[in-house]
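Observations on the three-dimensional arrangement
The lines below spell out each chain.
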Amino acid sequence: MLSDTAERSTASGPSREEPGAVVVVGGGIAGMVAAWELARSGARVVVLEAEEELGGRVRGENVAGVALDIGAESFATRGGAVAALLTELGMADEIVNPAALGSWVVTADAARAVPLPPAGTIGIPATPLSGSTVRALGVVGALRAAIEPLLPPAIGRSGALDDVIRARLGARVLDRLVRPVVLGIHSTDPADMTLRSIPGLAEAYARRGSLILAARDLRASRTAAGGAVAGLRGGMASLVAQLREELDRLGVVMHTGTRVVALQRDAEMRGGVTHEGDEVLRPAARLVSDPLDATKWDREPGSVAFEPKGEALRPAARLVSDPLGKTQCAEAPRGVAGEPEGEVLRFAARLVSETKGAQEPADLTEPGPATCEHEARHPAGPWRVVTEDTELRADAVVLAVPEHVAAPLLDRPGVAPTEVEVVALLIDDARLDAAPRGTGALVAESAGSSVITAKALTHVTVKWPQRATGRHVLRLSYGRLGTAPETLGLNDAIITALALADASRILGIELAPSSVRGMRRRVWTNATASPDPTADALPPGLALAGDWVSGTGLASVIPGARRAAADTLAALHRSVSGATQTGEVRPQHE
């Protein structure tokens, strides 16, 4: 719940040239980075996060004294965007590289396990006739892939990603390499994606006329999705802690456990900014109950509203819902008796009943608290952000939430989210020191009966030797496109047994239940491949951020969040001329 005692900026409001007040909806990495950029530029920022913790899908856990990431555990190095942010945050020395052991692909029937060959992007083999590629695809599959550069570029130029891969590289590349990698990275089947869903791939293919050559280019330029990754010495959760510290330093207000239920602009609301003399007053549109139970919205916020003749006269309390939670007093609106209670005025609406043919006062004991700033000189921002408990006014909004959360706020058709569950096991078994599947394995579909339920395993303490403690952390992920994770609804004991069995089959080592020292689990909602989310024109002062907007992974999310902040700042600066903001800014006629 928003409260006046919440931590907030104590800086004075912006000058005429400075940005105004911005509400960032969503406290994941996208929202935190956008808030950081905005606050560094002088904007007054409030972050509203529905969960009890910030960070979104970057989350740390502790199992028997061992710290681990239960959410994102690495970041793609492509483009250098994440490293640049970490450097700006003073965390460059914390960047670590994974062990150069490579990963494997295991079939779901546990019949085949082979190292993944070097790939440029999403499993497309960069060297189709190499020994590792032949081992993964067989001689026939490798030869089929090798002729791809000789095919006319028109073959597979358009269509779903799975059709393009099958047409140009063959079914084995699709089933044994590309589909497991794409499902592991995007939680989306290639049938529901296109070349443009993969950063840089469509452009490289158009330039080179070959997927293999395009994959080599992307690998060389370090822009490949699913290519090189890095991590942080203390885990990715340390990025959340550092961003939180920076936001605190900049005076950003952060509210967790606060769910936004509606976004509205003044054009969609009743009334607008009310001018009285040299003052600009925030409208309230506060619902007030009268003795006749004629509970209707004040049709003229900021002024006196008249009910139909013969019923009641209702004055409007001018409510100020300041983004920073200020509760300073102002004079009671005309026709309303204000009763001070500390810094909050509780307006006792004086209703005049005409039902008996005479004007008799009827006191309404407590129509609701209203707060207003001293001298009422600040207009409301054009945006109203409504939470389950209260509402805030802002000059601009950055919506940095998953697509299924954003859709109803944008009055767009709902989307079905894709869920995955991550299960982390802490294992004490010296046989794992040999890293039997390198840094981990992806699970590919098989023609036979599936005996492995997980879709992927990461051997965390092998992948990140900096975190080795003598015990081993294994992360398994569950949930495939179109189906709920098989682990949903299962109790911890059953999930531990399932994850242990899957890990045994993936690693080729029978792990004993007695080797388990702890377990953690977490269900995550993943972004799905989406059409251009900005195809529909956005209202002025609204920007979008997140993986459904800019692409999967921090390498796409972070630059996307920075663009959203830059767009918001540009919109705020454009609005300075000819409009007022919710800071220490007076109307132009003053």
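Residues numbered from 1 in each chain as written. Predicted model: local features only at pLDDT ≥ 70, side-chain atom pairs only at ≥ 80, totals over all residues. Heavy atoms only, no water.

Structural notes on the pairing of strand E26 (residues 440–444)
Rule in force here: Exposed residues in this analysis have more than 50% of their type's maximum accessible area, buried residues have under 20%, and partly exposed residues fall in between, with area computed by a 1.4 Å probe over protein chains only. Put simply, DSSP marks the helices as runs of H or I at least four residues long and the strands as runs of E at least two long, and each gets a number from the N terminus on. For two strands to be treated as a pair, DSSP must find no fewer than two bridges joining them.
Taking burial as the measure, the five residues of E26 include five buried ones, the bulk of the element. Neither face of E26 is left uncovered, since the one carrying Gly440, Leu442 and Ala444 and the one carrying Ala441 and Val443 both have all their residues buried. As judged from the four bridges shared by strand E7 (residues 104–107) and E26, these two strands associate in the parallel manner. Its bridge partner lying in E26, threonine 107 is registered against alanine 444.

Some points on the sheet that holds strand E13 (residues 260–265)
Definition in use: Where helices are involved, their axes are fitted lines through C-alpha atoms of the stretch in contact, as for all axes, and angles between N-to-C directions lie from 0 to 180°.
Across the sheet, three strands lie side by side as E13-E22-E23; this open sheet has antiparallel pairing. Because the sheet does not close on itself, it has two edges, and the strands there are E13 and strand E23 (391–394). In this sheet, adjacent strand axes meet at a mean angle of 20 degrees when their direction is disregarded. Note that strand E22 (residues 383–387) and E23 share four bridges and pair antiparallel. Among the inter-strand pairings, arginine 384 is bridged to a residue of E23, identified as arginine 393.

Points about the pairing of E22
Here E22 lies mainly inside the structure; five of its five residues are buried. Of the two faces of E22, the one lined by Trp383, Val385 and Thr387 and the one lined by Arg384 and Val386 are each fully buried. In the sheet, E13 pairs with E22 via five bridges, with the strands oriented antiparallel. When the bridges of E22 are listed, alanine 262 appears paired with valine 386. Where E22 hands over to E23, the hairpin turn is made up of three residues, counted between the paired strands.

A look at helix H11 (residues 492–507)
Note the following rule: Multiplying one less than the number of residues by 1.5 Å gives the expected span of a helix. Any pair of residues with heavy atoms lying within 4.5 Å of one another is described as a contacting pair. In the analysis that follows, any N or O atom pair within 3.5 Å is treated as a polar contact, provided that within protein one partner can donate a hydrogen and the other can accept it, and provided that, for residues neighboring in sequence, both atoms belong to side chains.
Compared with the 22 Å implied by 1.5 Å per residue over 16 residues, the 22 Å span of H11 between its first and last C-alpha is a close match. Every buried residue of H11 is accounted for by Ile495, Thr496, Ala499, Leu500, Asp502, Ala503, Ser504, Ile506 and Leu507. On its buried face, H11 is in contact with E7, strand E25 (418–427), E26, strand E27 (456–459), strand E28 (472–478) and strand E29 (516–526). At the N-terminal boundary of H11, the capping side chain belongs to asparagine 491, with an oxygen 3.2 Å from the backbone nitrogen of alanine 493.

Thoughts on unusual backbone geometry
For alanine 110, which is not glycine, the phi torsion reads 65 degrees and is therefore positive. Along the polypeptide, alanine 110 turns up in the loop between E7 and strand E8 (113–115). Since its relative accessible area comes to 34%, alanine 110 is described here as partly exposed. Positive phi, normally seen in glycine, also occurs at alanine 435, with a value near 50 degrees. Mapped onto the elements of the fold, alanine 435 is located in the loop between E25 and E26. Overall, the relative accessible area of 16% leaves alanine 435 in the buried class.

Concerning the nonpolar core
Our working definition: Definition of nonpolar core: a set of buried residues of the types Ala, Val, Leu, Ile, Met, Phe, Trp, Tyr and Cys, connected through side-chain atoms within 4.5 Å.
Residues Ile29, Leu38, Val45, Leu239 and Val398 are the most contacted members of the largest nonpolar core, which totals 46 residues. Residues contacting valine 398, with those up to four places away along its chain left out, are Val22, Val23, Val24, Val25, Ala34, Leu38, Ala543, Ala545, Ala564 and Thr568. Ala145, Val178, Val181 and Ala202 belong to the second-largest nonpolar core, a separate cluster that totals 32 residues.

Here we look at the sheet that holds E29
Judged by pairing direction, the sheet is mixed, and its seven strands sit side by side in the order E8-E7-E26-E27-E28-E25-E29 without closing on themselves. On the outer flanks of this sheet lie E8 and E29, each paired with one strand and no other. The mean inter-strand angle of the sheet, taken between neighbouring strand axes irrespective of direction, is 20 degrees. Where E26 meets E27, three bridges bridge the pair, whose relative direction is antiparallel. In the sheet register, glycine 440 faces E27, and the bridge partner there is threonine 458. Contacts between helix H3 (residues 131–146) and the sheet are confined to E7 and E8, with E8 contributing the most and set at about 155 degrees to the helix. The strands that H11 touches are E7, E25, E26, E27, E28 and E29; relative to E28, the one it contacts most, it runs at about 100 degrees.

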